[in-house]
Amino acid sequence: MRWILLVILYILIEFYAYQAIKTITKNQWVQIGCLAVSLFILGYVIYVFANYDRSVGPTKYSLRATAVLLLALVPKLVLVLFLFGEDVIRVFVGGYNYLTTTFFGGKDTQYMPDRRKFISQLALGIAAIPFAGLLHGIFKGKYNFKVIKHVLYFKDLPIAFDGLRIAQISDIHSGSFDDAAKIEYAVDLINEQETDLILFTGDIVNTVADEMNDWIDTFKRIKTPEFGKYSVLGNHDYGEYVTWNSQQEKDANFDAIKDIHTKIDFNLLLNESIFIEKQGERIAIIGVENWGHNFKKAGDLKKASEKVSNEDFKILLSHDPSHWEYEVKKDSDYYHLTLSGHTHGFQFGIEIPGVVRWSPVQYVYKQWAGMYNEMGRYLNVNRGFGFHAFPGRVGIWPEITVIELRKEVKPS
């Protein structure tokens, strides 16, 4: 039923788009060519997803089909918006003509066909913008890595850790990668930051552990800094979005995913905490399993914090930022800094510092990208290292976060 509805929707959108082509050009070969391309795309996408193997999860073929579908649909949705609006105007003009000529003897006002052509041309021109954006996002944007830096001040930061520099990465999604040179570059970029601590906040794969086989040596190159490398799991790391032959097979995959962290020299925290120490002072690094408002709730904040006192300075790793919104920021224990990911910023949006900051994901997540602060408790939502579902990024670029902690000194 879902596929039938999608096909009907595609055909309706195609119908409107075809009207625009017919309005602009009377060349039948162009019209037939556009229609043939649309039918080919529809057939290709149906074929790929009809043969989609739920036991392996997303593949380069399904990602490619998603990209082709979006490239075909998004510009046409712009056309639909314009042409449907034009049809609404036609209805009102027709209704006005009928009323004035029937009841008041007015003169019939003819709708100008040149206007329809102008609207179609305008719509095609505007539709070219998202089409170009999607193309850039697919071929360039998904590897357009950015280093985003923050400096945070805390009154109760242990003085020994004044100036501590943390690198955060999140949402690797290794099964989506298709350019080894770009990933090597990103790892070099992480190493160039020369931070004191590296933290990874989950989703190392899309679905299965084997996705990381070709990338172990690459991510193992991330240098282990003075205070180590620590990580947690994300919702995709539990293998819950595919069909398994047995529970034993699923459990084996989960164990293999946890082993990946050891292979790349990260210490995986599973509802537990560790302390990093310097000059007799310490900071708690607390890692919870995935806890999401609408996703798996394996995280146990109380269990993870058993060894931590309320007086300790705390850095919490929790994949889904909804955990901070629904539990962490309200907890009686004071978690100074929480690091999350998960949203990817939807991999689509507009961010111009000081001007505009928008993404569709903001209607789902209150905290969806960047640094947030409530009552002195900070949350950073990393925009993600990799990509998933759509093989590209438009306006929301892959991120390496560098956070510097500073001691806020009371004025004398």
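See the structure shown above.
Because the structure is predicted, anything quoted here is derived from the model rather than measured.

### Digging into the packing of aromatic side chains
Taken as a whole and assessed by the stated rule, the structure comprises 14 aromatic pairs. A ring pair is formed by Phe-154 and Tyr-378, whose centres lie 5.3 Å apart and whose planes are at 75°; its orientation type is edge-to-face. Taken together, the positions of Phe-154 in strand 1 (residues 146-154) and Tyr-378 in strand 13 (residues 377-381) put the pair 224 residues apart, joining distant regions of the chain. By relative accessible area, which is 3% here, Phe-154 ends up buried. Between Phe-161 and Phe-227, the ring centres sit 5.6 Å apart and the planes meet at 50°, which makes this aromatic pair tilted. Here the residue Phe-161 occupies a position in the loop between strand 1 and strand 2 (164-169), and Phe-227 occupies one in the loop between helix 6 (216-220) and strand 4 (229-232), the gap between them amounting to 66 residues. Clustering of aromatic rings is evident, with ring pairs tying together Tyr-143, Phe-145, Phe-177, Trp-215, Phe-219, Phe-385 and Phe-387. Sitting over the face of the ring of Tyr-335, Lys-314 holds its NZ or CZ atom 5.9 Å from the ring centroid. Note that Arg-357 overlies the ring of Trp-368, its terminal NZ or CZ placed 4.5 Å from the centroid.

### Focus: helix 5 (residues 180-192)
The first and last C-alpha atoms of helix 5 sit 18 Å apart over 13 residues, in line with the 18 Å expected at 1.5 Å per residue. Looking at helix 5, one finds that the buried residues are Ile-183, Ala-186, Val-187, Leu-189, Ile-190 and Asn-191. Packed against the buried residues of helix 5 are strand 1, strand 2, strand 3 (197-201), helix 6 and strand 14 (399-407). For helix 5, the N-terminal capping position is held by Asp-179, with its side-chain oxygen 3.2 Å away from the main-chain nitrogen of Ala-181. Positive phi appears at Glu-194, one or two residues downstream of helix 5, with a value of about 50°.

### As for the pattern of salt bridges
In total, this model carries 18 salt bridges according to the counting rule given. Arg-282 is the salt-bridge partner of Asp-312, the closest N and O atoms lying 3.0 Å from each other. Highlighted residues: Asp-312 in the loop between helix 8 (301-304) and strand 8 (313-317) and Arg-282 in strand 7 (residues 281-287), separated in sequence by 30 residues. The partly exposed category is assigned to Arg-282, whose relative accessible area is 33%. Across the pair Glu-374 and Lys-329 runs a salt bridge, and its minimum N-O distance is 3.0 Å. With a gap of 45 residues between them, Glu-374 in strand 12 (residues 370-374) and Lys-329 in the loop between helix 9 (322-326) and strand 9 (337-340) connect regions that are remote in the sequence.

### Things to note about the sheet that holds strand 7
Ordered by their spatial adjacency, 6 strands build an open sheet running 6-7-8-9-13-12, and the pairing between neighbours is mixed. Each edge of the sheet is formed by a strand with only one pairing partner; in this case those strands are strand 6 (272-278) and strand 12. Averaged over all neighbouring strand pairs, the angle between strand axes comes to 20°, with direction disregarded. As paired elements, strand 12 and strand 13 share 5 bridges and run antiparallel to each other. By the bridge assignment, Tyr-372 is partnered in strand 13 with Leu-379.

Parameters at a glance
- Residues numbered from 1 in each chain as written.
- Predicted model: local features only at pLDDT ≥ 70, side-chain atom pairs only at ≥ 80, totals over all residues.
- Heavy atoms only, no water.
- Phe/Tyr/Trp six-rings, centres within 6.5 Å; stacked < 30°, edge-to-face > 60°.
- Helix = DSSP H or I, 4+ residues; strand = E, 2+ residues; numbered from the N terminus.
- Buried < 20%, exposed > 50% of the residue type's maximum accessible area, 1.4 Å probe, protein only.
- Lys NZ or Arg CZ within 6 Å of the ring centre and 35° of its normal.
- Expected span 1.5 Å × (residues − 1).
- Contact = heavy atoms within 4.5 Å.
- Polar contact = N/O pair within 3.5 Å; in protein donor to acceptor, adjacent residues only side chain to side chain.
- Salt bridge = Lys/Arg side-chain N within 4 Å of Asp/Glu carboxyl O.
- Pairing = 2+ DSSP bridges.
- Axes fitted to C-alpha atoms, helices over the stretch in contact; angles between N-to-C directions.

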